[in-house]
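# Fold and geometry: a report
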Amino acid sequence: MKTKTLIIGAGGQIGKIVVDLLQEDKKPVVALVRNENKAQELVKLGVETVLADLEGGFEHAFKDCNKVVFTAGSGGSTGYDKTLLIDLWAARKAVDYAIKNNIQHFVMVSGLGAANPDEFVSDIKPYLVAKHFADNYLLDSGLNYTILRPGALINQQGTGLIRISRPANFNELIIPREDVAKVIEYCLANEDTKGNIYELFSGNEHIDSVFKMDA
Ligand SMILES: NC(=O)c1ccc[n+]([C@@H]2O[C@H](COP(=O)([O-])OP(=O)(O)OC[C@H]3O[C@@H](n4cnc5c(N)ncnc54)[C@H](OP(=O)(O)O)[C@@H]3O)[C@@H](O)[C@H]2O)c1
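In this convention, every chain numbers its residues from 1, walking through the sequence in written order. Only residues with pLDDT of at least 70 get local features here, since the model is predicted, and only at 80 or more are side-chain atom pairs given and counted; chain-wide, interface and lining totals rely on the full set of residues.

A tally of regular secondary structure across the chain gives six helices and 11 strands. The reference for a compact globule is 2.2 Å times residues^0.38; the radius of gyration itself is calculated from the C-alpha atoms. Over its C-alpha atoms the chain spans a radius of gyration of 16 Å, differing by no more than 12% from the 17 Å that the globule rule assigns to 215 residues. Over its C-alpha atoms, taken along the principal directions, the chain stretches across nearly 45 × 35 × 35 Å. Counts of 20 or more other C-beta atoms within 10 Å of a residue's own C-beta define buried residues, counts of 12 or fewer define exposed ones, and intermediate counts define partly exposed ones; C-beta atoms are placed from the backbone. In the chain, which comprises 215 residues, the proportion classed as buried is 45%. Residues are scored as being in contact if the C-beta atoms we place from backbone atoms lie within 7 Å. Long-range contacts, defined as pairs at least 24 residues apart, comprise 66% of the intrachain contacts of the chain with a sequence gap of at least 6. The way it works is that DSSP assigns letters per residue, a run of H or I at least four long becomes a helix, a run of E at least two long becomes a strand, and they are numbered from the N terminus.

Right, dumping it as structure tokens:
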């Protein structure tokens, strides 16, 4: 029986925290990274690691997994070529591999504004368009999905306190990466988050009560 969770983008800031949280809870995890040094660090920590570049094929990483988290991203310092190849095309390939490998839950880390890239005046609109189509591909795939659309990510320590309703104040459209990682862990463990799209922001409610109230 497949029981592992594949973290795509496990060398990234959110990805690393998710791997740590799952390891701490003794949940079987497979970390996909492209960087050999990062892979070695993870192996030293006892994490099962697959080395792969998302611009190529990476279906082998899905072999023993029944859940997937896509939290890779091209990042702000690359060009639109990488936006297309990672945020859109690699996400789409991950969905295709998930279908072929009978994945039971696909958690996509999307972004605020991906629902409607015209909503905000923003120089990251091409990235939001890529995220929009990646999300739609997952929505139409027939897979059990949870799509998370966090506001701007900050590196402040997480509080475990969030909200999924959008704050009126633009400056409050933020959330620590650690809290996004905690929400990912919660979603993986809770079936009732399947079939939902959530915007995520810092707030005043504990993660479990936010999702229980929404169920
Ligand atoms: N920044 C924001 O404010 C914001 C807001 C909402 C949503 N998001 C989304 O949140 C997600 C995670 O954010 P984060 O801050 O954790 O990002 P991050 O630290 O930049 O991590 C992204 C990871 O993707 C990996 N990656 C990129 N190209 C790859 C490739 N060709 N093959 C394999 N791996 C590749 C990177 O690998 P390396 O480590 O080797 O570079 C990195 O580990 C992203 O999807 C991002 O778009 C961001």
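As a matter of local geometry, the ligand sits amid 23 residues, with Gly12, Arg34, Leu54, Gly73 and Gly111 nearest to it. When residues of the shell around the ligand are traced back to their parent elements, those giving at least two are α1 (13–24) and β7 (152–154). Counting residues per element, the shell around the ligand draws most heavily on α1, at three residues. Here the shell around the ligand is composed, by residue class, of eight nonpolar, 11 polar and four charged. As a rule, any residue with its backbone-derived C-beta atom within 6 Å of a molecule or strand is reported as near that molecule or strand. We call Asp, Glu, Lys and Arg charged. Ala, Val, Leu, Ile, Met, Phe, Trp, Tyr, Cys and Pro are nonpolar, and the rest, Gly among them, are polar.

Looking at the element boundaries, Ala152 is found in strand β7. Under the C-beta neighbour-count criterion, Ala152 is labelled exposed, with 12 such atoms within 10 Å. Ala152 sits 59 residues away from Lys93 along the chain, and the two C-alpha atoms are 25 Å apart. Setting aside its immediate chain neighbours within four residues, Ala152 contacts Leu173 and Ile174.

For the rest of this paragraph, the subject is the pairing of strand β4 (residues 65–70). In terms of residue burial, β4 counts as a mostly covered element, since five of its six residues are buried. A clockwise course of the path from the first strand over the helix to the second, judged with the strands pointing away from the viewer, identifies a crossover as right-handed. The parallel pair β4 and strand β5 (residues 105–109), bridged by helix α3 (residues 80–100), forms a crossover whose chirality is right-handed.

This part takes up α3. For α3, which comprises 21 residues, the first-to-last C-alpha distance of 29 Å matches the rise-based estimate of 30 Å (1.5 Å per residue) to within 8%. We define the bend at any residue as the angle between the axes fitted to the seven residues before and including it, ending there, and the seven starting there. Along its length, α3 reaches its greatest deviation from straightness, about 30 degrees, at Trp89. Its buried side turned inward, α3 meets β1 (4–8), β4, β5 and α4 (125–139). Directly beyond the C-terminal end of α3, a positive phi value near 55 degrees is found at Asn102. What a helix should span is 1.5 Å times the count of its residues minus one.

Reading across from one edge, β3-β2-β1-β4-β5-β6-β10-β8-β11 is the order of the nine strands in this open sheet, with mixed pairing throughout. Of all the strands in the sheet, just β3 (48–51) and β11 (205–206) have a single pairing partner and so form its edges. Its contacts with the sheet place helix α5 (residues 177–189) against β1, β4, β5, β6 (145–150), β8 (161–163) and β10 (196–202), and it is angled at close to 165 degrees to β6. Note on pairing: two strands pair once DSSP finds at least 2 bridges between them. In this analysis, axes come from line fits to C-alpha atoms, helices being fitted only over the stretch in contact, and the angle between any two N-to-C directions falls in the range 0 to 180 degrees.

Attention shifts here to the environment of Ile175. Within the element layout of this structure, Ile175 appears in strand β9 (residues 174–176). Ile175 gets classed as buried once you count the C-beta atoms within 10 Å, which come to 26. In the structure, Ile175 is positioned 121 residues away from Leu54 in sequence and 26 Å away in space, judged by C-alpha atoms. Setting aside anything within four residues of it in sequence, one finds Ile175 in contact with Pro150, Gly151, Leu153, Ile162, Val180, Leu200, Phe201 and Ser202.

On to the packing of α1 against α5, then. At a minimum axis separation of 9 Å, α1 and α5 run at an interaxial angle of 50 degrees. Between α1 and α5, the interaxial angle falls into the category oblique. Note that α1 runs across α5; the crossing there is right-handed. Residue-level contacts link Gln13, Ile14, Ile17, Val18, Leu21 and Leu22 of α1 to Arg177, Glu178, Val180, Ala181, Lys182, Ile184 and Glu185 of α5. Of the residues that constitute the contact of α1 with α5, the class distribution is eight nonpolar, one polar and four charged. Under this scheme an angle from 65 to 115 degrees is roughly perpendicular, one under 35 degrees roughly parallel, and one over 145 degrees roughly antiparallel; angles in between are oblique. We call a crossing left-handed when the near helix sits turned anticlockwise from the far one by less than a right angle, and right-handed when that turn is clockwise.

Time to look at the environment of Gly9. With respect to the helices, strands and loops of the structure, Gly9 is situated in the loop between β1 and α1. On the basis of neighbour count, Gly9 is assigned to the buried category, with 24 C-beta atoms found within 10 Å.

Bringing unusual backbone geometry into the picture now. Even without being a glycine, Lys26 presents a positive backbone phi close to 60 degrees. Looking at where Lys26 falls in the secondary structure, it is placed in the loop between α1 and β2 (29–33). Non-glycine residue Asn102 carries a positive phi angle of around 55 degrees. Structurally, Asn102 can be placed in the loop between α3 and β5.

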